[in-house]
Structure formats: structure tokens, C-alpha cells
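Architecture and fold: a report
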Amino acid sequence: MNIPSSAYPAIGAVMAAIIAAGISFLVTVLAKEQKTSEFRQAWIDALRKDLSEFIATVDMLSSFHRLKMSRGHRPEELVGFLEERSDDVRRMGVSHHRIMLRLNPQEHATIIGKLEKLLSIMSSYQKVLDETGVNELIKGVIAEGQVVLKSEWRRVKRGELTFVITKYVSLTLFVLAVCFAVLVGRGYLVITIHG
């Protein structure tokens with residue numbers, strides 16, 4: 001049996017309610033995912049800043065150590081030098097801790113290992129004098145930092161998993177709805193209610 005024409009307003013109201021609920025759901029998911037992406041972008045920017053500050057401070061302090069030693073200073077005199085540069089040493093420690101708090105120990109184990117090794121070199125006056133070793137480790141931290149930052153940037157560009165799933169489900173439902181409407185409109189599909 002065909003749908004009576006008196007049922008069309010009720011069907012229309014139900015369809016409008018379903019569409020409104022779907023749009024409301026999509027807007028909620030998209031707003032949440034947009035906020036998550038904004039937080040992730042802020043995380044990327046902060047990590048980049050802390051990494052560059054940590055690396056620059058390590059590079060500066062190790063260069064000063066080598067310069068002092070090349071001028072004939074004894075290793076014990078370096079303690080006085082570090083006391084003079086206590087603000088830089090503190091800044092290095094703070095940026096290191098901020099980096100460590102941002103990184104996931106499992107996901108970012110490689111860069112964490114390099115950062116820890118670089119920090120340990122800074123506490124050994126003999127190791128800090130190895131300019132090649134320090135520079136190689138700095139290059140390793142930079143390279144690994146770029147990998148982490150690029151990975152996180154891709155995640156921001158792609159969107160969170162919920163966003164990606166919602167996007168494809170919504171697209172699929174939209175295409176199906178259009179196909180359904182075309183089939184009904186052309187008379188290829190007749191809606192009947194048996195009762």
C-alpha cells in the first residue's frame with residue numbers, strides 16, 4: 001500500500017528531526033575535534049620552543065666550557081663558571097623538564113634517550129669538552145625532534161581519529177541519502193507501508 005498523502009507532514013517532521021539531530025551531532029564532534037587540534041598545535045609550538053631553548057643553552061654552556069679549558073682554566077674552576085651562569089643552567093633544566101613532561105615515554109623513547117644523554121654530558125666536564133660528541137648528540141636531538149614534530153603536525157592535518165571516522169561516515173550517509181532521494185524522485189523506488 002502506498003503512503004497516504006496525509007502522512008507526508010508527519011514523515012517530513014520526523015525526517016527534519018533526524019536531520020537536525022545529525023547536524024547537531026556533527027557540529028558537536030567537529031567543534032570538539034577542532035579544539036583538540038588547537039591544543040595539539042599549541043603543544044607542538046611549545047615543544048619546538050623548549051627543544052630549541054634546551055639545545056641552545058647546552059650548546060652555549062658546552063662552548064663556554066671548552067673556551068675556559070682552552071685558556072688554561074682547571075676543571076675545578078668550572079664550578080665557579082657554572083655558578084656565574086646559574087640562570088642559564090636553571091633555564092636548561094626547566095626546558096628539559098618541560099620537554100620530558102610533554103613527551104610520551106613509549107612513543108618518544110628515542111628522543112628522550114638522546115635528551116637524557118645530552119643532559120648527562122653536561123654534568124661531566126670531561127665529556128662536555130668533547131666538541132664532536134656534543135655536536136653529534138645535539139644534531140641527533142634536532143633530527144629526532146623534527147621527526148616528533150612532523151608526526152604530530154601530520155596528526156593535526158589529518159584530524160583526530162573521531163573526526164576522520166565521523167567525516168567518512170557522514171559522507172557515506174550523505175551519498176546514500178542523495179541516491180535514495182533520486183531513486184524515490186524518479187519513481188524507481190516506491191515507499192509502501194503495510195499495516
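Residues numbered from 1 in each chain as written. Predicted model: local features only at pLDDT ≥ 70, side-chain atom pairs only at ≥ 80, totals over all residues. Heavy atoms only, no water.

A few points about the side chain of Thr57
Filter applied, for reference: A run of DSSP states H or I qualifies as a helix once it reaches four residues; a run of E qualifies as a strand once it reaches two. Both are numbered from the N-terminal end. Pairs of N or O atoms are called polar contacts if they sit within 3.5 Å, as long as, within protein, a hydrogen donor faces a hydrogen acceptor (for residues adjacent in sequence, only side-chain-to-side-chain pairs). Every residue pair with non-hydrogen atoms within 4.5 Å of one another is taken to be in contact.
Secondary-structure assignment places Thr57 in helix H1 (residues 8-70). A polar contact is formed between the side chain of Thr57 and the backbone oxygen of Glu53, at a distance of 2.8 Å. Leave out the neighbours within four places in its chain, and Thr57 touches Asp88, Arg91 and Met92.

Observations concerning the nonpolar core
Selection rule: As used in this record, nonpolar core signifies buried Ala, Val, Leu, Ile, Met, Phe, Trp, Tyr and Cys residues forming a set joined through side-chain atoms within 4.5 Å. The cut-offs for exposure are 20% and 50% of the maximum accessible area for each residue type, with area from a 1.4 Å probe on protein chains only; residues under the lower value are buried, those over the upper are exposed, and the others partly exposed.
Within the largest apolar cluster, 26 residues are counted, with the highest numbers of intra-cluster contacts made by Leu47, Phe54, Leu103 and Leu115. Every element with two or more residues in this core is listed here: H1, helix H3 (86-102), helix H4 (109-122) and helix H6 (131-158). Once you skip the residues sitting within four places of it in the chain, Leu103 turns out to touch Trp43, Leu47, His108, Ile111, Ile112, Leu115 and Val148.

As for H4
Going by this rule: For a helix, the expected span equals 1.5 Å multiplied by the residue count minus one.
Between the first and last C-alpha of H4 there are 20 Å, a value that for 14 residues agrees with the 20 Å anticipated at 1.5 Å per step. All of the buried residues in H4 are Ile111, Ile112, Leu115, Leu118, Ile121 and Met122.

Re the confidence of the model for the chain
Our working rule: Confidence of the prediction at every residue is given by pLDDT, a number between 0 and 100.
In the predicted model, the chain carries a mean pLDDT of 81, and 87% of its residues have values of at least 70. Helix H2 (residues 77-84) is the least confidently modelled element of the chain, averaging 71 in pLDDT, while H3 averages 91, the highest of any element.

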